[in-house]
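Remarks on the overall topology
Letter by letter, the chains look like this.
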Protein chains: 2
Amino acid sequence: MHVAIALYPRFTALDAVGPYTVFAFAPGWTVTFVAATAGPVTDDAGSLTLQATAGYADLTEPDIVVVPGGPGTVEALADRALLDWIASARGHARWTTSVCSGSFLLGAAGLLDGRRATSHWGWLDQLATFGATPVGERVVRDGDIVTAAGVSAGIDMALSLLGQAVDDRTAQAVQLAIEYDPQPPYRCGSPATAPPGLPETALSLIS
Amino acid sequence: MHVAIALYPRFTALDAVGPYTVFAFAPGWTVTFVAATAGPVTDDAGSLTLQATAGYADLTEPDIVVVPGGPGTVEALADRALLDWIASARGHARWTTSVCSGSFLLGAAGLLDGRRATSHWGWLDQLATFGATPVGERVVRDGDIVTAAGVSAGIDMALSLLGQAVDDRTAQAVQLAIEYDPQPPYRCGSPATAPPGLPETALSLIS
């Protein structure tokens, strides 16, 4: 299986590297970071730069597409080359997926019309703009479109897809290999469990 | 606060990018990837390349040091420049930390003698080689030395340190910003919960 992860300026690093690490540990799988052209792409904080090793034209038939989110999605919504690649790659891929606000790019590429989809809790409702039905779950599958909630949710999505693509045992082995037995220090990772006012503070960090 | 994350060939991406993302979202914090010299460093799978933007000599007084793990630790144990930088930076840092097998590099730098420390479950016992007391917990603090278990445990460690360095509210806001409300698809992320035989399969993926 060949996984293509799209990069664009001001993506959020963990959105991309969570799924990357899961898929890269899957035996025999290949993961490639793609962008308009091969070269460095810098994240939202401006202090992490990942190399894209392929341009869109080099990787037209991935088996899985992953589109990360981040503040850069706002500008990327007008990036016709990226949106066209997503729409075209989707024609070959078994799953076209997103993490966080990456779902807005799937929407702008025309993939969410009539679909159930999720996104970061801060912008979930806005998915309706693209004809989607917003769903407040961590991973939402609707046919070949799979969307994950904010940032860290891409890890859960990738493990789940790996289990479907190969088998549960392989995904379990990767989960154990990355010792994914999470013990968050607080119980506030979703608005449902967060104390009053915390969502506003959290949004101020990422907007 | 200035966080320095050390990179070396064949590190594991999520070990570095989990803590990176947490600290990079902390208001006013700076995170820098350092290596022997500034430039690209490629991970264990060979398909992710991160830019180090500083050499060791450029960043001698970080407030927090993070040393990721990965198969590359085996060669890095003999990397005198890296080990000397870790030992020297520790003199200034409030916390010197590791994720996964990164704790072996803390050990080789002489930082674990007589300390409680953790590592990836697959190699935990070997920490005793460095005079450490191996502890099978997700995050272990012993004074200024903080070690995390395998790969994904760096996220928990970083959130916990952020809470200590600033306050709980700030760390909670970052946890909510990255929607860290994990829902692993399987209950097998540690050897204690994994089905028989899975640890051997998992180790075959990362050895």
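A brief structural summary. None of these values were measured; they are calculated from a predicted model.

1. Some thoughts on the environment of Trp85 of chain A
Its location among the elements puts Trp85 of chain A in helix α3 (residues 80–90). Separated by 50 residues in sequence, Trp85 of chain A and Ala35 of chain A have C-alpha atoms that sit 9.7 Å apart.

2. Observations concerning helix α7 (residues 198–206) of chain A
Those residues of α7 of chain A that fall on the buried side of the exposure criterion are Leu198, Pro199, Ala202 and Ile206 of chain A. Down the axis of α7 of chain A, the buried side of the element spans an arc of 95 degrees, and every buried residue falls inside it. Counted as exposed and oriented over 90 degrees from the buried face of α7 of chain A: Glu200 and Ser204 of chain A. Buried residues belonging to α7 of chain A abut α6 (168–177) of chain B.

3. Things to note about the sheet that holds strand β2 (residues 30–35) of chain B
Residues and elements named next belong to chain B. The strand order across the open sheet formed by seven strands is β5-β2-β1-β6-β7-β11-β10, and the pairing between neighbours is mixed. The open sheet is flanked by β5 (54–55) and β10 (139–142), the only strands paired with a single partner. Relative to strand β7 (residues 95–99), strand β6 (residues 64–67) is paired through four bridges, and the arrangement is parallel. Of the residues in β7, the one forming a bridge with Val67 is Ser98.

4. Side note on the interface of chain A and chain B
The partner chain B presents 65 residues to the 65 residues of chain A that form the contact. Here chain A and chain B share an interface that buries about 5700 Å² over both sides, 64% of which is from carbon and sulfur atoms. On the chain A side of the contact with chain B, Leu176, Glu179 and Tyr186 of chain A bury the most area, a combined 14% of that side's loss. Where chain A touches chain B, the interface holds zero salt bridges. Between the two partners, chain A and chain B, sit 36 residue pairs in polar contact (both at pLDDT 80 or more). Contributions of two or more residues to the side of chain A that touches chain B are made by α1 (13–24), β2 (30–35), β4 (49–52), α5 (153–165), α6 (168–177) and α7 of chain A.

5. A closer look at the side chain of Ser103 of chain A
Residues and elements named next belong to chain A. Along the polypeptide, Ser103 turns up in helix α4 (residues 102–108). On the basis of relative accessible area, Ser103 is assigned to the buried category, the value being 0%. Residues in contact with Ser103, not counting those within four places in the same chain, are Ser98, Leu112, Thr118, Ser119, Leu127 and Thr147.

6. Things to note about the sheet that holds strand β11 (residues 145–148) of chain A
Residues and elements named next belong to chain A. The mixed open sheet is built from seven strands, whose spatial order is β5-β2-β1-β6-β7-β11-β10. The outermost strands of the open sheet, each flanked by one partner alone, are β5 (54–55) and β10 (139–142). With five bridges joining them, strand β1 (residues 2–6) and β2 adopt parallel strand pairing. Counted as the bridge partner of Ala4 is Thr32 from β2.

7. Focus: the state of the cysteines
Between two cysteines, a covalent bond joining their sulfur atoms is known as a disulfide. Residues and elements named next belong to chain A. Counting across every chain of the model gives zero disulfides over all chains. Lacking any disulfide linkage, Cys188 is separated from the closest cysteine sulfur, that of Cys100, by 16 Å. Assessed through its relative accessible area of 2%, Cys188 is described here as buried.

Rules behind the numbers
- Residues numbered from 1 in each chain as written.
- Chains lettered and ligands numbered in written order.
- Predicted model: local features only at pLDDT ≥ 70, side-chain atom pairs only at ≥ 80, totals over all residues.
- Heavy atoms only, no water.
- Helix = DSSP H or I, 4+ residues; strand = E, 2+ residues; numbered from the N terminus.
- Buried < 20%, exposed > 50% of the residue type's maximum accessible area, 1.4 Å probe, protein only.
- Arc of directions from axis to C-beta.
- Contact = heavy atoms within 4.5 Å.
- Pairing = 2+ DSSP bridges.
- Buried area = accessible area lost by both parts, 1.4 Å probe.
- Salt bridge = Lys/Arg side-chain N within 4 Å of Asp/Glu carboxyl O.
- Polar contact = N/O pair within 3.5 Å; in protein donor to acceptor, adjacent residues only side chain to side chain.
- Disulfide = S-S within 2.5 Å.

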